[in-house]
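# Summary of the model geometry
The primary structure of each chain is shown beneath.
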Amino acid sequence: MLLFAGVRTPFCKAGTHLAKLDAVDLGRAAVAALLARTGIDPGEISEVILGCVGQPVDAMNVARVIALRAGVPQHVPAATVHRNCASGMEALTTAAGRLATGHGDLFVAGGVESMSNLPFVFRQSAVEKFGKLHRARSLLTRARVLAAFRPADFTPRAGLLLGLTDPFSGLNMGETAEVLAREFDIGREEQDAFAAESHRRALTQAGALREEIEPIALGGKPVSQDNGPREDSTPEKLSRLRPVFDRKTGSVTAGNSSQITDGSVALLAGSEAAGKRLGLEPIGRLVGWAYTGCDPKRMGLGPVQAIAAANARTKLGIGDADVIEINEAFAAQVLAVLKALRDPEAGRRAGLDSPLGEIPLEKLNRRGGAIALGHPVGATGARLVLTALDQLRTTGGKRALVSLCVGGGQGAALWLERL
């Protein structure tokens, strides 16, 4: 499958610039910008496929609502896909599957997440009482139900915290990073240095990152850049932060973890024939991909097996990549993956028979990663693809390897090629 264009909104920390925009607003902005940049007739689109983890309750199948509001005609179908952190990548590979089986030749794929607007949830005890109150027919019955409410019933649970906790292992995502930090002997100093470098690269490459972005006008003022990268995120300052997930002996902090972020990405992909029909020049090609499973409590190792599977399917290896993007869910997680790929003993613990090779740091996440830019979970997979393709364009590189870990114990990896 060929890729013809891509664009994203700024990525902004939850509760900041984009907090008043819900997932529909963010997704509409990205899709509308993609249509404007390419100038295509939206009626030519075969399907819109978007990833989203926390779908808004008032816009189920959020991809359909986004498509219609972005000006895509009613006859074009739309589907929302969900593979946790890989949802944006899942959208693209789902489109590739549609293309391969003859179910369309031009697709808008991408992802969206408004983490600011993930809901708060009433406890089950309160839900039951609200249900009884709704069914009550007499004033006396209603009074009795109201009298049964307790203060705890009105203390909601944060949907974000629930969503970031794996129901199988019982660990939240930060705790899984602590597991890897201990198992692979990834120290606090190493994690903070990696996090600081992510910010440094994002700041250094701010101009290149802005090329990916379509500004959003809010209150008459454009939001035109990511607001996560910080100049004061130095190893020294990061070292002062307290561990969040294991306060006594842990090493994973808010500073060496990905940021909770709002954002959206849209990519245009399809067949060579569709490109010629519409006068579109391809910017790259999806060569192959793989999704694999792993232990949920060690979910951060997902890229190891996924890269191995993607390499086997494409007959490519780490040395063939000019650009490599691995999502920075946590510094400890990426460092554990790098160690497992190069070190025989660490690799065996991650399920490899032999090492896949060392990833040169100068090829990895050159524009920074989610520690600096943020991780709007439904959109990140598509953002990695967009960033990798644009780096191939600017550097003249040939191939890119893109991978990320997936909450619940999975990994995703794909290979891209510049034509």
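Structural notes, computed from the coordinates. (Residues numbered from 1 in each chain as written. Predicted model: local features only at pLDDT ≥ 70, side-chain atom pairs only at ≥ 80, totals over all residues. Heavy atoms only, no water.)

## Quick notes on the overall build of the protein chain
A count of helices and strands for the protein chain gives 16 helices and 14 strands. Scaling as 2.2 N^0.38, a compact globule of 419 residues should have a C-alpha radius of gyration of about 22 Å, and the protein chain matches this with 22 Å. For the protein chain, the spread of C-alpha atoms along the three principal axes comes to 75 × 55 × 40 Å. Per-residue burial for the protein chain yields a buried fraction of 54% across its 419 residues. Of all intrachain contacts in the protein chain linking residues separated by at least 6 positions in sequence, the fraction that spans at least 24 positions is 80%. Just so you have it, the protein chain exposes about 17,700 Å², and 53% of that area is on carbon and sulfur atoms. The protein chain carries 49 positive and 43 negative side-chain charges, and their two centres are separated by 6 Å. (Helix = DSSP H or I, 4+ residues; strand = E, 2+ residues; numbered from the N terminus. Rg over C-alpha atoms; globule rule 2.2 N^0.38 Å. Buried < 20%, exposed > 50% of the residue type's maximum accessible area, 1.4 Å probe, protein only. Contact = heavy atoms within 4.5 Å. Areas by Shrake-Rupley, 256 points an atom, 1.4 Å probe, with all protein chains shown as cover. Lys, Arg positive; Asp, Glu negative; His and termini not counted. Charge placed at Lys NZ, Arg CZ, Asp CG, Glu CD.)

## Details of a nonpolar patch on the surface
On the surface, a nonpolar cluster with roughly 360 Å² of combined accessible area is contributed by F122, V127, F130 and F154. With respect to the secondary-structure elements, V127 resides in helix α4 (residues 124-135). With relative accessibility at 41%, the residue V127 sits in the partly exposed group. (Patch = residues over 30% accessible without salt bridge, like charges linked within 9 Å, V, L, I, M, F, W, Y side chains within 5 Å. Salt bridge = Lys/Arg side-chain N within 4 Å of Asp/Glu carboxyl O.)

## Section: the pairing of strand β11 (residues 284-293)
Here strand β1 (residues 2-8) pairs with β11 via two bridges, running antiparallel. Counterpart to L3 in the pairing with β11 is G284. As paired strands, β11 and strand β14 (residues 410-417) are joined by eight bridges and run antiparallel to one another. Along β14, the bridge assignment pairs A290 with A413. (Pairing = 2+ DSSP bridges.)

## Considerations on the state of the cysteines
What the rule picks out here adds up to zero disulfides. Take C52: it sits in no disulfide, and the sulfur closest to it among the cysteines is that of C85, at 13 Å. The class of C52 is buried, set by a relative accessible area of 1%. Left without a disulfide partner, C294 is nearest to the cysteine sulfur of C405, which lies 8.3 Å away. (Disulfide = S-S within 2.5 Å.)

## Remarks on helix α8 (residues 188-204)
In this model α8 runs 24 Å from its N-terminal to its C-terminal C-alpha over 17 residues, within 8% of the 24 Å that 1.5 Å per residue would give. When α8 is considered as a whole, its buried residues turn out to be R188, Q191, D192, F194, A195, A196, S198, H199, R201 and A202. Those residues of α8 hidden inside the fold are in contact with α7 (173-183), α9 (206-212), α10 (235-238), α13 (331-342) and α15 (370-373). (Expected span 1.5 Å × (residues − 1).)

## Topic: the packing of helix α1 (residues 23-38) against helix α2 (residues 62-69)
Helix packing for two helices is described by the angle between their axes and how far apart those axes are. Two elements in contact, α1 and α2, have axes separated by 8 Å at closest approach and are oriented at 50°. Considering the angle they form, α1 stands oblique to α2. Here the hand of the crossing between α1 and α2 comes out right-handed. Note on element contacts: α2 touches α1 through V62, V65, I66 and R69, opposite A23, V24, G27, R28 and V31. (Axes fitted to C-alpha atoms, helices over the stretch in contact; angles between N-to-C directions. Parallel < 35°, antiparallel > 145°, perpendicular 65-115°, else oblique. Left-handed = near helix turned anticlockwise from the far one by under 90°.)

## Some thoughts on the pairing of strand β3 (residues 47-51)
Within β3, five of the five residues are buried, leaving the element largely enclosed by the surrounding structure. On β3, burial covers both faces: E47, I49 and G51 on one face and V48 and L50 on the other are all buried. One ladder, built from five bridges, connects β3 with strand β5 (residues 106-114); its direction is parallel. Along β5, the bridge assignment pairs I49 with A109. Relative to strand β4 (residues 78-81), β3 runs parallel, the two sharing four bridges. Across the sheet, residue I49 finds its bridge partner in β4, namely A79. Considered for its hand, the β-α-β crossover made up of β3, α2 and β4 is right-handed. (Right-handed = clockwise from strand over helix to strand, strands pointing away.)

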